[in-house]
Every structure is written in C-alpha cells, then in structure tokens.
Amino acid sequence: MTQVIKGDITTLKVDAIVNAANQVMLGGGGVDGAIHRAAGRELFEACLKVPEVRPGVRCPTGEARITPGFKLPAKYVIHTVGPVYRDGTKGEAEKLANCYRNSLALACENGCHTVAFPCISTGVYGYPIEEASEIAVKETKAFLDAHPEMEVIFCCFSEKDKAVYEKILNGKE
Ligand code: ADP
C-alpha cells in the first residue's frame, strides 16, 4: 500500500524514515539537517561508526545504510544518497531507482513494515519532481508487488510535490 502526505518526515511514527543524505553521512541541509536535529547527537555518532568504503564515503550514491532513529518517533533512519541531477543523461534515473530499491530492501531485512520517503534528490540535488516521482512510484510499486505486507508513505514537503505524486498514483492527467 502507498500513501501520499504533506508533512515533516521527522514527525512520523513509522518503522523507518528515509534520509536524503550525502556520501559522508554526517548531516547536511534540507531533510538531512532536519533529521539530524530531531534525532539528536546520537544519530551523528552512529553515522560516524558506519565504515567508510573510501575516504569521505560512507554511502555511495544509490546505496543505503541503516541506523537507529534515536530521539525520532521512527525506529530507524535509512540513509540513502540520491544523484545530483545534471541533465538526465548521466545515469541519474538508474541511481535514483537504486535509492528506492536499496532502501526498501534494507527496510525489509530489518523487519520494517512502514517506511516513509522524502522526495529524494529534488531539493539541493536538483532532480525535477515530475521525473523523480515517476521513478519513486515505479520502483516502490515493483517492490510492494513482491512485499505486499509493507506500507510506503511518500512524505512531501509541499502541496505542489504532493499533487505531482497524487497525479501519478491516481493515473490522472
Ligand atoms: P537532496 O539533496 O536529495 O535534493 P534535500 O533535503 O535538499 O535533498 O531535498 C529533498 C526533499 O526533501 C525536498 O523536496 C525538500 O523540500 C524536502 N524536505 C526538506 N525538509 C523536509 C522535512 N523535514 N520533511 C520532509 N521533506 C523535507
């Protein structure tokens, strides 16, 4: 099952919220900053403990890592790194699809039933919301077909983004 809401993802009492992190995984702006502020210092400490795969990279683009949610109502934070949007020909779509696939797989492995996503890459990383949401919905639907017990919430930060998701989910023009 999927749901679209407008809201602040840090307030959701779900099994896991997904963070649009960066490769270093030590906090940043946008939703990443909001999640770190709400979860508290312990989240930063837990992220520090995630091993680097190469200097400065704890989570390569398209992959996902999991930590507890600490002060958040959510049990876990799944950190994933979306692609920076250049012009759409640099593998952006596949990388963004990997974020959804890998985050959902990690949620499932950790026994999560309810998972909330922000609109990954559509802020500072510049991915057009219309294209990003198509990918988010397509990948999520494919995953849920195989895992019907899970529930995904698309947590949009604006009415505009929410309307874009609703249009896709309802198949309306
Ligand atoms: P990225 O670097 O992946 O583009 P951003 O954090 O800049 O990540 O933006 C991703 C999306 O998260 C944007 O749609 C932004 O409006 C949204 N966002 C920012 N803060 C929150 C929040 N507290 N809850 C949900 N979404 C948020």
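These notes cover the structure that comes with them.

About the thresholds
- Residues numbered from 1 in each chain as written.
- Predicted model: local features only at pLDDT ≥ 70, side-chain atom pairs only at ≥ 80, totals over all residues.
- Heavy atoms only, no water.
- Helix = DSSP H or I, 4+ residues; strand = E, 2+ residues; numbered from the N terminus.
- Buried < 20%, exposed > 50% of the residue type's maximum accessible area, 1.4 Å probe, protein only.
- Contact = heavy atoms within 4.5 Å.
- Pairing = 2+ DSSP bridges.
- Right-handed = clockwise from strand over helix to strand, strands pointing away.
- Arc of directions from axis to C-beta.
- Phe/Tyr/Trp six-rings, centres within 6.5 Å; stacked < 30°, edge-to-face > 60°.

The next point concerns the environment of Phe-157. Position of Phe-157 relative to the elements: it lies in the loop between strand E6 (151–156) and helix H5 (159–169). For Phe-157, a relative accessible area of 69% puts it in the exposed group. Spatially, the C-alpha atoms of Phe-157 and Val-81 are 18 Å apart, while their sequence positions differ by 76 residues. Setting aside residues up to four positions removed in sequence, Phe-157 forms contacts with Lys-6, Gly-7 and Asp-8.

In this section: the pairing of E6. Buried residues dominate E6, accounting for 5 of its 6 residues. Here 5 bridges tie strand E1 (residues 2–6) to E6, and the two strands are oriented parallel to one another. Across the sheet, residue Lys-6 finds its bridge partner in E6, namely Cys-156. Two strands pair when backbone bridges link them, and strand E5 (residues 114–117) and E6 are joined in this way by 4 bridges, in the parallel orientation. Paired with Phe-117 across the strands is Phe-154, a residue of E6.

Side chains of E5 alternate between two faces, with Thr-114 and Ala-116 and Val-115 and Phe-117 buried alike. Across 2 bridges, strand E2 (residues 16–20) lies against E5 in parallel orientation. What sits directly across from Ala-16, in E5, is Val-115. In this fold, E5 hands off to helix H4 (residues 129–146), which returns the chain to E6; that crossover is right-handed.

On to helix H1 (residues 30–39). Those residues of H1 that sit buried are Asp-32, Gly-33, Ile-35, His-36 and Ala-39. Burial along H1 is one-sided: seen end-on, the buried residues are contained in an arc of 165 degrees. Away from its buried face by more than 90 degrees, H1 exposes Gly-30 and Arg-37. Taken together, the buried residues of H1 touch E2, helix H2 (41–49) and strand E4 (76–80). Gly-40 sits one or two positions beyond H1 and adopts a positive phi of about 95 degrees.

Another point: the packing of aromatic side chains. If you walk through the whole model with that rule in mind, you get 3 aromatic pairs. Residues Tyr-100 and Phe-117 carry aromatic rings whose centres are separated by 4.7 Å and whose planes lie at 35 degrees to one another, so their mutual orientation is tilted. Of this pair, Tyr-100 sits in helix H3 (residues 92–109) while Phe-117 sits in strand E5, and the two are 17 residues apart along the sequence. Given a relative accessible area of 0%, Phe-117 falls into the buried group.

Such coordinate-based values are descriptive only and should not be taken to indicate function.
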